There are 2 protein chains.
Amino acid sequence: MQFAIENALPVLERTPQVMETLLYGLGDEWVNSNEGGDTWTPVDIIAHLIFGEQTDWIPRVLVIMGEGGKEFVPFDMEGHHAIKKGKTMNQLLDEFKILRKDNLAFLKSMEVTNESLDRTGIHPILGTVTLRQLLASWVVHDLTHIHQLSRVMAKQYTDAVGPWTQFMGVLGGKR
Amino acid sequence: MQFAIENALPVLERTPQVMETLLYGLGDEWVNSNEGGDTWTPVDIIAHLIFGEQTDWIPRVLVIMGEGGKEFVPFDMEGHHAIKKGKTMNQLLDEFKILRKDNLAFLKSMEVTNESLDRTGIHPILGTVTLRQLLASWVVHDLTHIHQLSRVMAKQYTDAVGPWTQFMGVLGGKR
(Lines give C-alpha, C1' and ligand atoms only; values in the text may rest on other atoms or scores of the structure.)
Protein backbone atom coordinates (compact mmCIF):
# COMPACT_ATOMS: atom_id res chain seq x y z
CA MET A 1 0.00 0.00 0.00
CA GLN A 2 1.17 3.51 -0.76
CA PHE A 3 1.31 5.72 2.32
CA ALA A 4 -1.30 8.47 2.50
CA ILE A 5 -2.37 10.60 5.45
CA GLU A 6 -5.89 9.26 4.73
CA ASN A 7 -4.95 5.62 5.31
CA ALA A 8 -2.61 6.33 8.24
CA LEU A 9 -4.89 8.50 10.37
CA PRO A 10 -7.69 5.93 10.92
CA VAL A 11 -5.17 3.46 12.39
CA LEU A 12 -3.42 6.07 14.56
CA GLU A 13 -6.79 7.31 15.84
CA ARG A 14 -7.93 3.84 16.88
CA THR A 15 -4.89 2.65 18.84
CA PRO A 16 -5.74 4.25 22.21
CA GLN A 17 -9.20 2.65 22.16
CA VAL A 18 -7.74 -0.69 21.07
CA MET A 19 -5.40 -0.58 24.07
CA GLU A 20 -8.19 0.59 26.37
CA THR A 21 -10.49 -2.22 25.22
CA LEU A 22 -7.77 -4.82 25.75
CA LEU A 23 -6.44 -3.54 29.06
CA TYR A 24 -8.66 -1.10 30.99
CA GLY A 25 -9.56 -2.64 34.35
CA LEU A 26 -7.96 -5.95 33.45
CA GLY A 27 -6.42 -7.98 36.31
CA ASP A 28 -2.92 -7.36 37.61
CA GLU A 29 -1.81 -10.85 36.55
CA TRP A 30 -2.35 -9.81 32.92
CA VAL A 31 -1.10 -6.20 32.95
CA ASN A 32 1.95 -6.56 35.18
CA SER A 33 3.46 -9.78 33.80
CA ASN A 34 6.23 -9.87 31.19
CA GLU A 35 7.99 -12.46 29.01
CA GLY A 36 10.77 -13.04 31.57
CA GLY A 37 14.04 -11.24 32.28
CA ASP A 38 13.91 -7.49 31.60
CA THR A 39 11.22 -7.76 28.91
CA TRP A 40 8.22 -5.44 28.99
CA THR A 41 4.86 -5.80 30.71
CA PRO A 42 1.67 -4.32 29.21
CA VAL A 43 2.19 -1.40 31.64
CA ASP A 44 5.68 -0.81 30.18
CA ILE A 45 4.25 -0.90 26.65
CA ILE A 46 1.62 1.78 27.34
CA ALA A 47 4.18 3.94 29.18
CA HIS A 48 6.50 3.61 26.16
CA LEU A 49 3.68 4.70 23.82
CA ILE A 50 3.12 7.76 26.04
CA PHE A 51 6.82 8.59 25.95
CA GLY A 52 6.71 8.33 22.14
CA GLU A 53 3.81 10.81 22.00
CA GLN A 54 5.81 13.22 24.16
CA THR A 55 9.29 12.94 22.66
CA ASP A 56 9.28 11.04 19.38
CA TRP A 57 6.67 11.39 16.63
CA ILE A 58 5.42 14.98 16.64
CA PRO A 59 8.75 16.43 17.87
CA ARG A 60 10.37 14.78 14.83
CA VAL A 61 7.63 16.05 12.50
CA LEU A 62 8.51 19.53 13.79
CA VAL A 63 12.23 19.01 13.12
CA ILE A 64 11.43 17.99 9.53
CA MET A 65 8.97 20.84 8.94
CA GLY A 66 11.10 23.48 10.69
CA GLU A 67 13.80 25.70 9.29
CA GLY A 68 16.49 24.72 11.80
CA GLY A 69 18.81 21.71 12.12
CA LYS A 70 17.49 18.45 10.73
CA GLU A 71 18.92 16.03 13.33
CA PHE A 72 16.41 14.15 15.47
CA VAL A 73 17.03 13.86 19.20
CA PRO A 74 17.80 10.15 19.90
CA PHE A 75 14.81 8.30 21.37
CA ASP A 76 15.33 6.92 24.89
CA MET A 77 14.19 3.27 24.97
CA GLU A 78 14.27 3.46 28.79
CA GLY A 79 12.16 6.61 29.02
CA HIS A 80 9.01 4.70 29.96
CA HIS A 81 10.34 3.82 33.42
CA ALA A 82 9.89 7.41 34.65
CA ILE A 83 6.47 7.66 32.92
CA LYS A 84 4.95 4.64 34.66
CA LYS A 85 6.20 5.46 38.15
CA GLY A 86 3.33 5.64 40.64
CA LYS A 87 0.65 5.26 37.97
CA THR A 88 -1.95 2.57 37.39
CA MET A 89 -2.62 1.01 33.99
CA ASN A 90 -5.92 2.89 33.82
CA GLN A 91 -4.19 6.23 34.41
CA LEU A 92 -1.61 5.44 31.72
CA LEU A 93 -4.33 4.50 29.23
CA ASP A 94 -6.14 7.78 29.89
CA GLU A 95 -2.91 9.73 29.48
CA PHE A 96 -2.06 7.98 26.21
CA LYS A 97 -5.55 8.68 24.84
CA ILE A 98 -5.33 12.41 25.54
CA LEU A 99 -1.80 12.79 24.17
CA ARG A 100 -2.60 10.89 20.97
CA LYS A 101 -5.76 12.92 20.41
CA ASP A 102 -3.88 16.20 20.83
CA ASN A 103 -1.02 15.06 18.62
CA LEU A 104 -3.33 13.98 15.80
CA ALA A 105 -5.28 17.24 16.04
CA PHE A 106 -1.98 19.06 15.70
CA LEU A 107 -0.92 16.90 12.74
CA LYS A 108 -4.23 17.59 10.98
CA SER A 109 -3.86 21.32 11.63
CA MET A 110 -0.56 21.25 9.73
CA GLU A 111 -2.32 20.24 6.50
CA VAL A 112 0.58 18.12 5.30
CA THR A 113 0.95 18.21 1.50
CA ASN A 114 2.58 15.69 -0.83
CA GLU A 115 5.54 18.03 -1.04
CA SER A 116 5.91 18.13 2.73
CA LEU A 117 5.86 14.32 2.80
CA ASP A 118 9.10 14.37 0.77
CA ARG A 119 10.87 16.65 3.28
CA THR A 120 13.62 14.96 5.27
CA GLY A 121 15.22 14.79 8.68
CA ILE A 122 18.29 12.96 9.98
CA HIS A 123 17.72 9.97 12.23
CA PRO A 124 20.67 9.30 14.60
CA ILE A 125 20.99 5.68 13.40
CA LEU A 126 19.00 5.42 10.15
CA GLY A 127 20.31 8.59 8.49
CA THR A 128 18.12 10.58 6.11
CA VAL A 129 14.41 9.73 6.34
CA THR A 130 11.33 11.40 4.89
CA LEU A 131 8.26 12.71 6.67
CA ARG A 132 6.32 10.04 4.77
CA GLN A 133 8.51 7.30 6.30
CA LEU A 134 8.24 8.85 9.77
CA LEU A 135 4.43 8.91 9.67
CA ALA A 136 4.22 5.37 8.24
CA SER A 137 6.53 4.25 11.05
CA TRP A 138 4.25 5.82 13.63
CA VAL A 139 1.46 3.53 12.35
CA VAL A 140 3.65 0.41 12.21
CA HIS A 141 5.03 1.24 15.66
CA ASP A 142 1.47 1.11 17.04
CA LEU A 143 0.93 -2.25 15.32
CA THR A 144 4.30 -3.54 16.63
CA HIS A 145 3.14 -2.88 20.17
CA ILE A 146 -0.30 -4.47 19.64
CA HIS A 147 1.65 -7.46 18.28
CA GLN A 148 3.96 -7.46 21.31
CA LEU A 149 1.07 -7.02 23.76
CA SER A 150 -0.88 -9.99 22.38
CA ARG A 151 2.27 -12.12 22.69
CA VAL A 152 3.09 -10.98 26.25
CA MET A 153 -0.46 -11.77 27.33
CA ALA A 154 -0.59 -15.13 25.53
CA LYS A 155 2.65 -16.27 27.18
CA GLN A 156 1.01 -16.03 30.61
CA TYR A 157 -1.10 -19.04 29.53
CA THR A 158 1.74 -21.09 27.99
CA ASP A 159 1.41 -23.83 30.61
CA ALA A 160 -2.37 -23.54 30.77
CA VAL A 161 -2.97 -24.47 27.11
CA GLY A 162 -0.99 -27.72 27.45
CA PRO A 163 -0.51 -29.50 24.10
CA TRP A 164 -2.29 -26.68 22.20
CA THR A 165 0.92 -24.59 22.15
CA GLN A 166 1.82 -26.26 18.85
CA PHE A 167 -1.23 -24.72 17.12
CA MET A 168 -0.79 -21.24 18.57
CA GLY A 169 1.24 -18.92 16.33
CA VAL A 170 1.63 -16.37 19.12
CA LEU A 171 3.41 -19.03 21.24
CA GLY A 172 5.65 -20.09 18.34
CA GLY A 173 3.23 -22.77 17.09
CA LYS A 174 2.54 -23.47 13.46
CA ARG A 175 -0.91 -21.89 12.94
CA MET B 1 -0.49 -17.74 35.48
CA GLN B 2 -2.84 -20.47 36.61
CA PHE B 3 -5.95 -20.73 34.45
CA ALA B 4 -9.18 -19.64 36.11
CA ILE B 5 -12.56 -18.85 34.56
CA GLU B 6 -12.20 -15.46 36.26
CA ASN B 7 -9.04 -14.51 34.40
CA ALA B 8 -10.12 -16.05 31.07
CA LEU B 9 -13.57 -14.46 30.72
CA PRO B 10 -12.44 -10.79 30.71
CA VAL B 11 -10.16 -11.48 27.73
CA LEU B 12 -12.75 -13.53 25.83
CA GLU B 13 -15.37 -10.84 26.43
CA ARG B 14 -13.17 -8.07 25.05
CA THR B 15 -12.02 -9.64 21.78
CA PRO B 16 -15.05 -8.68 19.62
CA GLN B 17 -14.71 -5.04 20.65
CA VAL B 18 -10.95 -5.11 20.11
CA MET B 19 -11.55 -6.36 16.55
CA GLU B 20 -14.35 -3.86 16.02
CA THR B 21 -12.19 -0.97 17.20
CA LEU B 22 -9.34 -2.02 14.93
CA LEU B 23 -11.39 -2.83 11.84
CA TYR B 24 -14.95 -1.48 11.72
CA GLY B 25 -15.28 0.87 8.75
CA LEU B 26 -11.57 0.71 7.99
CA GLY B 27 -10.55 1.04 4.33
CA ASP B 28 -10.52 -1.89 1.93
CA GLU B 29 -6.75 -1.60 1.44
CA TRP B 30 -6.32 -2.57 5.11
CA VAL B 31 -9.03 -5.21 5.54
CA ASN B 32 -8.72 -7.07 2.24
CA SER B 33 -4.91 -7.33 1.96
CA ASN B 34 -2.92 -10.37 3.08
CA GLU B 35 0.73 -11.34 3.56
CA GLY B 36 1.04 -12.78 0.04
CA GLY B 37 0.21 -16.19 -1.46
CA ASP B 38 -2.75 -17.89 0.21
CA THR B 39 -2.25 -16.18 3.59
CA TRP B 40 -5.21 -14.60 5.36
CA THR B 41 -6.63 -11.10 5.15
CA PRO B 42 -8.27 -9.42 8.17
CA VAL B 43 -11.61 -10.48 6.62
CA ASP B 44 -10.45 -14.13 6.63
CA ILE B 45 -9.36 -13.81 10.26
CA ILE B 46 -12.75 -12.54 11.47
CA ALA B 47 -14.58 -15.18 9.38
CA HIS B 48 -12.34 -17.84 10.98
CA LEU B 49 -13.18 -16.54 14.47
CA ILE B 50 -16.90 -16.78 13.58
CA PHE B 51 -16.43 -20.36 12.38
CA GLY B 52 -14.68 -21.17 15.67
CA GLU B 53 -17.63 -19.81 17.64
CA GLN B 54 -19.96 -21.98 15.60
CA THR B 55 -18.05 -25.26 15.40
CA ASP B 56 -15.07 -25.31 17.75
CA TRP B 57 -15.04 -23.96 21.30
CA ILE B 58 -18.53 -24.45 22.78
CA PRO B 59 -19.25 -27.61 20.74
CA ARG B 60 -16.08 -29.10 22.27
CA VAL B 61 -17.06 -27.94 25.77
CA LEU B 62 -20.31 -29.85 25.22
CA VAL B 63 -18.44 -33.00 24.15
CA ILE B 64 -16.33 -32.84 27.32
CA MET B 65 -19.29 -32.14 29.62
CA GLY B 66 -21.63 -34.63 27.92
CA GLU B 67 -22.14 -38.30 28.64
CA GLY B 68 -21.49 -39.51 25.07
CA GLY B 69 -18.33 -40.11 23.03
CA LYS B 70 -15.35 -37.93 23.91
CA GLU B 71 -13.91 -37.39 20.42
CA PHE B 72 -13.94 -33.83 19.07
CA VAL B 73 -15.04 -33.23 15.48
CA PRO B 74 -11.90 -32.09 13.56
CA PHE B 75 -11.83 -28.32 13.01
CA ASP B 76 -11.94 -27.21 9.38
CA MET B 77 -9.18 -24.61 8.79
CA GLU B 78 -10.88 -23.74 5.47
CA GLY B 79 -14.36 -23.25 6.97
CA HIS B 80 -14.05 -19.46 6.94
CA HIS B 81 -14.33 -19.27 3.13
CA ALA B 82 -18.03 -20.12 3.21
CA ILE B 83 -18.59 -17.77 6.18
CA LYS B 84 -17.19 -14.68 4.50
CA LYS B 85 -18.95 -15.18 1.16
CA GLY B 86 -21.01 -12.11 0.23
CA LYS B 87 -20.41 -10.36 3.55
CA THR B 88 -18.67 -7.11 4.38
CA MET B 89 -16.14 -6.77 7.19
CA ASN B 90 -18.69 -4.80 9.21
CA GLN B 91 -21.27 -7.59 8.88
CA LEU B 92 -18.68 -10.19 9.96
CA LEU B 93 -17.69 -8.11 13.00
CA ASP B 94 -21.34 -7.81 14.04
CA GLU B 95 -21.85 -11.55 13.59
CA PHE B 96 -18.75 -12.40 15.63
CA LYS B 97 -19.86 -10.08 18.44
CA ILE B 98 -23.29 -11.70 18.75
CA LEU B 99 -21.96 -15.28 18.60
CA ARG B 100 -19.26 -14.61 21.20
CA LYS B 101 -21.75 -12.94 23.53
CA ASP B 102 -24.16 -15.87 23.28
CA ASN B 103 -21.39 -18.43 23.73
CA LEU B 104 -20.01 -16.73 26.84
CA ALA B 105 -23.52 -16.40 28.30
CA PHE B 106 -23.93 -20.14 27.73
CA LEU B 107 -20.53 -20.91 29.31
CA LYS B 108 -21.41 -18.84 32.39
CA SER B 109 -24.77 -20.60 32.67
CA MET B 110 -22.91 -23.93 32.95
CA GLU B 111 -21.25 -22.83 36.21
CA VAL B 112 -18.04 -24.72 35.49
CA THR B 113 -16.46 -26.10 38.67
CA ASN B 114 -12.83 -27.02 39.36
CA GLU B 115 -13.83 -30.64 38.96
CA SER B 116 -15.34 -30.00 35.54
CA LEU B 117 -12.13 -28.28 34.46
CA ASP B 118 -10.33 -31.61 34.93
CA ARG B 119 -12.77 -33.45 32.63
CA THR B 120 -11.30 -34.54 29.31
CA GLY B 121 -12.06 -34.92 25.62
CA ILE B 122 -10.08 -36.41 22.77
CA HIS B 123 -8.62 -34.01 20.21
CA PRO B 124 -8.11 -35.62 16.76
CA ILE B 125 -4.41 -34.62 16.70
CA LEU B 126 -3.47 -33.68 20.29
CA GLY B 127 -5.10 -36.64 22.04
CA THR B 128 -6.50 -36.27 25.56
CA VAL B 129 -7.01 -32.65 26.64
CA THR B 130 -8.79 -31.13 29.62
CA LEU B 131 -11.61 -28.58 29.69
CA ARG B 132 -9.11 -26.26 31.42
CA GLN B 133 -6.74 -26.54 28.46
CA LEU B 134 -9.58 -26.04 25.96
CA LEU B 135 -10.76 -22.83 27.62
CA ALA B 136 -7.19 -21.48 28.01
CA SER B 137 -6.68 -22.21 24.31
CA TRP B 138 -9.79 -20.25 23.42
CA VAL B 139 -8.15 -17.20 25.07
CA VAL B 140 -4.75 -17.76 23.44
CA HIS B 141 -6.45 -18.38 20.09
CA ASP B 142 -8.00 -14.89 20.32
CA LEU B 143 -4.57 -13.44 21.13
CA THR B 144 -2.97 -15.40 18.26
CA HIS B 145 -5.34 -13.73 15.83
CA ILE B 146 -4.82 -10.24 17.28
CA HIS B 147 -1.10 -10.98 16.86
CA GLN B 148 -1.63 -12.12 13.26
CA LEU B 149 -3.90 -9.19 12.44
CA SER B 150 -1.39 -6.59 13.64
CA ARG B 151 1.27 -8.29 11.50
CA VAL B 152 -0.91 -8.53 8.38
CA MET B 153 -1.77 -4.83 8.68
CA ALA B 154 1.81 -3.75 9.40
CA LYS B 155 3.10 -5.58 6.33
CA GLN B 156 1.00 -3.36 4.08
CA TYR B 157 3.37 -0.52 5.08
CA THR B 158 6.64 -2.48 4.70
CA ASP B 159 7.81 -0.29 1.82
CA ALA B 160 6.34 2.88 3.30
CA VAL B 161 8.44 2.81 6.48
CA GLY B 162 11.72 2.62 4.50
CA PRO B 163 14.75 2.08 6.74
CA TRP B 164 12.58 1.88 9.88
CA THR B 165 11.79 -1.81 9.18
CA GLN B 166 14.86 -2.74 11.23
CA PHE B 167 13.32 -1.28 14.40
CA MET B 168 9.85 -2.78 13.90
CA GLY B 169 9.43 -6.13 15.64
CA VAL B 170 6.21 -6.83 13.74
CA LEU B 171 8.17 -6.62 10.46
CA GLY B 172 10.96 -8.86 11.75
CA GLY B 173 13.01 -5.96 13.11
CA LYS B 174 14.89 -6.03 16.38
CA ARG B 175 12.70 -3.88 18.66
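The shown structure was predicted, so the numbers you read here are calculated from the model rather than taken from an experiment. (Residues numbered from 1 in each chain as written. Chains lettered and ligands numbered in written order. Predicted model: local features only at pLDDT ≥ 70, side-chain atom pairs only at ≥ 80, totals over all residues. Heavy atoms only, no water.)

This part takes up helix α8 (residues 131-155) of chain B. The terminal C-alpha atoms of α8 of chain B, which comprises 25 residues, lie 36 Å apart, in line with the 36 Å expected from a rise of 1.5 Å per residue. Taking burial as the measure, the 25 residues of α8 of chain B include 22 buried ones, the bulk of the element. (Helix = DSSP H or I, 4+ residues; strand = E, 2+ residues; numbered from the N terminus. Expected span 1.5 Å × (residues − 1). Buried < 20%, exposed > 50% of the residue type's maximum accessible area, 1.4 Å probe, protein only.)

Turning next to the interface of chain B and chain A. Counting from both sides, the interface comprises 57 residues of chain B and, opposite them, 57 residues of chain A. Area buried by chain B at its contact with chain A is led by Met1, Tyr157 and Trp164 of chain B, which between them contribute 16% of it. On inspection of chain B and its partner chain A, the count reaches 0 salt bridges. Of all the elements in the fold, those that place two or more residues in the side of chain B that touches chain A are α1 (5-23), α2 (28-31) and α8 of chain B. Top element by residues in the side of chain B that touches chain A is α8 of chain B. It accounts for 16 residues. A class-by-class count of the residues in the side of chain B that touches chain A yields 34 nonpolar, 16 polar and 7 charged. (Contact = heavy atoms within 4.5 Å. Buried area = accessible area lost by both parts, 1.4 Å probe. Salt bridge = Lys/Arg side-chain N within 4 Å of Asp/Glu carboxyl O. Nonpolar A, V, L, I, M, F, W, Y, C, P; charged D, E, K, R; others polar.)

According to the stated counting rule, one finds 8 aromatic pairs over all chains in the structure shown. For the ring pair Phe51 of chain B and Phe75 of chain B, a centre distance of 5.4 Å and an interplane angle of 55 degrees mean the geometry is tilted. One end of the pair, Phe51 of chain B, is in helix α3 (residues 42-55); the other, Phe75 of chain B, is in the loop between α4 (57-65) and α5 (80-84), with 24 residues separating them in the sequence. Residue class for Phe51 of chain B comes out buried when judged on its relative accessible area of 14%. Judged by relative accessible area, Phe75 of chain B falls into the buried class, the value being 18%. Through a chain of ring-to-ring contacts, the aromatic side chains of Phe3 of chain A together with Trp30 and Tyr157 of chain B assemble into a single cluster. (Phe/Tyr/Trp six-rings, centres within 6.5 Å; stacked < 30°, edge-to-face > 60°.)

Attention now moves to the pattern of salt bridges. The full count for this structure, using the stated rule, is 20 salt bridges over all chains. Salt-bridge contacts for Lys108 of chain A lead to Glu13 of chain A; the nearest nitrogen and oxygen are separated by 2.8 Å. Here Lys108 of chain A is found in helix α6 (residues 89-109), whereas its partner Glu13 of chain A is found in helix α1 (residues 5-23), with 95 residues between them in sequence. With a relative accessible area of 40%, Glu13 of chain A lands in the partly exposed category. Notably, a salt bridge pairs Arg100 of chain B with Glu53 of chain B, separated by 2.8 Å at the nearest N-O pair. Note that Arg100 of chain B is positioned in helix α6 (residues 89-109) and Glu53 of chain B in helix α3, a separation of 47 residues in sequence. Overlapping salt bridges, with partners in common, bring together Glu35, Arg151 and Lys155 of chain A in one network.

Turning next to the UniProt feature "domain: DinB-like" (unreviewed entry) in chain A. The sites that UniProt annotates as "domain: DinB-like" (unreviewed entry) are residues 12-149 of chain A. Annotated as 64% helix and 6% strand, the span residues 12-149 of chain A places its first and last C-alpha atoms 17 Å apart. (UniProt positions renumbered as here; feature names shortened; annotations may be inferred.)

Our next topic: the relation of the copies chain B and chain A. Once chain B is rotated about the relating axis by 180 degrees and shifted along it by 0.0 Å, it coincides with chain A to within an RMSD of 0.0 Å. Taken together, these values place the two copies in the relation of a two-fold axis. Across chain B, the rotation axis passes nearest the C-alpha of His147 of chain B, at a separation of 2.3 Å. Most of the interface of chain B is mirrored in chain A, where 100% of its interface residues are also at the interface. (Least-squares fit on C-alpha atoms with pLDDT ≥ 70 in both.)

Before going further, it helps to examine the side chain of Thr144 of chain A. Relative to the elements of secondary structure, Thr144 of chain A occurs in helix α8 (residues 131-155). Within polar-contact distance, the side chain of Thr144 of chain A engages the backbone nitrogen of Val170 of chain B at 3.2 Å. Once residues lying within four places of it in the same chain are set aside, the contact partners of Thr144 of chain A are Met168, Gly169, Val170 and Arg175 of chain B. (Polar contact = N/O pair within 3.5 Å; in protein donor to acceptor, adjacent residues only side chain to side chain.)

Once that is clear, we can look at the packing of α4 of chain B against α8 of chain B. All names here are of chain B. Two numbers describe how α4 lies on α8: the axes approach to 10 Å, and their chain directions differ by 175 degrees. Put simply, α4 runs roughly antiparallel to α8. Two secondary-structure elements touch here, α4 through Trp57, Ile58, Arg60, Val61, Ile64 and Met65 and α8 through Leu131, Leu134, Leu135, Ser137, Trp138 and His141. Broken down by class, the residue content of the contact of α4 with α8 amounts to 9 nonpolar, 2 polar and 1 charged. (Axes fitted to C-alpha atoms, helices over the stretch in contact; angles between N-to-C directions. Parallel < 35°, antiparallel > 145°, perpendicular 65-115°, else oblique.)

Now for the environment of Glu53 of chain A. Residues and elements named next belong to chain A. Look at Glu53 and you get buried, because its relative accessible area is 3%. Sequence spacing of Glu53 and Leu99 is 46 residues, and the spatial spacing of their C-alpha atoms is 6.3 Å. In this view, Glu53 contacts Pro59, Phe96, Leu99, Arg100, Asn103 and Trp138; residues no more than four positions away in its chain are not counted. Looking at Glu53, its side chain comes within polar contact range of the side chain of Arg100, at 2.8 Å.

With that out of the way, let us pick up α1 of chain B. Residue and element names in this part refer to chain B. In this model α1 runs 28 Å from its N-terminal to its C-terminal C-alpha over 19 residues, within 8% of the 27 Å that 1.5 Å per residue would give. At Thr15, α1 shows its largest kink, close to 35 degrees, and the proline Pro16 lies no more than four residues downstream. One or two residues past the end of α1 sits Gly25, with phi positive at roughly 75 degrees. (Bend = angle between axes of the 7 residues up to and from the residue.)

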